[in-house]
Amino acid sequence: MKLYTKGGDKGRTSLIGGERVRKTDVRVEAYGTADELQANIAYLADNMAHEEVLIPYVEDCRKICSLLMTTCSLLALGEGCKGKIQPHSEENIAWLEGRIDALQEALKPVELFTIPGGCKLVSLCHVCRTVCRRAERRAIEAAENYDVDCTLLILLNRLSDYLYALCRTITERLEVEEILWRP
């Protein structure tokens with residue numbers, strides 16, 4: 001089977017189930033942004049793997065990439081395909097909430113807004129966080145127009161919180177200065 005099909009040459013693509021839509025369809029935008037997030041988180045994990053103190057978070061990122069693949073698939077469901085992809089489980093959402101709580105518990109409270117920067121890994125994690133927020137906005141837009149499973153909205157919302165807590169954790173573990181907004 002060839003990698004290219006020429007089916008998308010005129011700006012259309014297929015959703016799961018065969019429904020053809022424009023590549024600018026809100027569902028395509030949503031799963032494309034979730035895919036972009038997945039790639040950024042994989043890149044973050046690959047870079048964290050070189051820092052001994054960050055190894056525990058690499059496995060989190062690998063699991064999150066798998067969850068994002070499910071998110072992309074749920075967003076790519078075409079007409080009549082509801083139920084073809086299992087939604088995110090309560091256990092996966094609870095796992096993410098537990099990871100957020102564990103990260104937060106180990107951090108000192110923040111009194112000012114955090115500004116990206118301090119080192120490359122912190123900045124990269126902030127890129128992931130902001131792409132996650134965009135993916136959530138695109139998924140909400142898709143849900144306003146189509147029957148989108150609500151578990152993926154919950155997951156994306158929690159994931160941006162996890163990534164914020166991870167940004168702060170990386171800052172602390174690498175002993176770099178946390179950049180705070182001082183208006």
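Quick note: structure is the one above.
Below you will find a few notes about this structure. Only a predicted model underlies this, so the values are computations on that prediction, with no experimental measurement involved.

### Concerning the pattern of salt bridges
On inspection of all chains with the given rule, the structure shows nine salt bridges. A salt bridge links E36 to R134; the nearest nitrogen and oxygen atoms lie 3.1 Å apart. With a gap of 98 residues between them, E36 in helix α1 (residues 26–48) and R134 in helix α4 (residues 120–145) connect regions that are remote in the sequence. Using a relative accessible area of 33% as the deciding quantity, one classes E36 as partly exposed. Owing to a relative accessible area of 23%, R134 belongs among the partly exposed residues under this scheme. Between R158 and E97 there is a salt bridge, with the nearest N and O atoms lying 2.8 Å from each other. Of this pair, R158 sits in helix α5 (residues 150–173) while E97 sits in helix α3 (residues 90–105), and the two are 61 residues apart along the sequence. Within this structure, E19, D25 and R27 form a network of salt bridges that share partners.

### Focus on the nonpolar core
If you look at the biggest cluster of nonpolar residues, it comprises 51 residues, and the most contacted ones within it are L37, I41, L44, M48, L159, Y162 and L166. Listing elements by their share of this core, those giving two or more residues are α1, α2 (55–75), α3, α4 and α5. In contact with L37, other than residues within four places in its own chain, are L68, C128, V131, C132, L156, L159 and L163.

### Digging into the environment of I100
Mapped onto the elements, I100 comes out in helix α3. Note: C-alpha distance between I100 and Y164 (64 residues apart in sequence) is 9.0 Å. Discounting chain neighbours no more than four positions away, the residues touching I100 are R158, D161 and Y162.

### Section: a nonpolar patch on the surface
Taken together, the side chains of F113, I115, I179 and W181 present a nonpolar region at the surface, about 400 Å² in accessible area. By secondary structure assignment, the location of W181 is in the segment after α5. When its relative accessible area of 44% is taken as the criterion, W181 is described as partly exposed.

### Quick word on the packing of α4 against α5
To characterise two packed helices, one gives the angle between the axes of the helices and the distance between these axes. Following both chains from N to C, one finds α4 and α5 inclined at 170°, their axes separated by 9 Å at the closest point. Classed by the angle they form, the pair α4 and α5 counts as roughly antiparallel. The class makeup of the residues in the contact of α4 with α5 is 18 nonpolar, four polar and three charged.

### Notes on the packing of aromatic side chains
For the structure on display, the rule yields one aromatic pair. Pairing F113 with W181 gives two aromatic rings, centres 5.9 Å apart and planes at 50°, and the pair type is tilted. In this pair, F113 is assigned in the loop between α3 and α4 and W181 in the segment after α5, connecting sequence segments 68 residues apart. According to the relative accessible area criterion, F113 is exposed, its value standing at 61%. Stacked on the ring of W95, the Lys or Arg K63 has its end atom at 4.4 Å from the ring centre.

Rules of the game
Residues numbered from 1 in each chain as written. Predicted model: local features only at pLDDT ≥ 70, side-chain atom pairs only at ≥ 80, totals over all residues. Heavy atoms only, no water. Salt bridge = Lys/Arg side-chain N within 4 Å of Asp/Glu carboxyl O. Helix = DSSP H or I, 4+ residues; strand = E, 2+ residues; numbered from the N terminus. Buried < 20%, exposed > 50% of the residue type's maximum accessible area, 1.4 Å probe, protein only. Core = buried A, V, L, I, M, F, W, Y, C linked by side-chain atoms within 4.5 Å. Contact = heavy atoms within 4.5 Å. Patch = residues over 30% accessible without salt bridge, like charges linked within 9 Å, V, L, I, M, F, W, Y side chains within 5 Å. Areas by Shrake-Rupley, 256 points an atom, 1.4 Å probe, with all protein chains shown as cover. Axes fitted to C-alpha atoms, helices over the stretch in contact; angles between N-to-C directions. Parallel < 35°, antiparallel > 145°, perpendicular 65-115°, else oblique. Nonpolar A, V, L, I, M, F, W, Y, C, P; charged D, E, K, R; others polar. Phe/Tyr/Trp six-rings, centres within 6.5 Å; stacked < 30°, edge-to-face > 60°. Lys NZ or Arg CZ within 6 Å of the ring centre and 35° of its normal.

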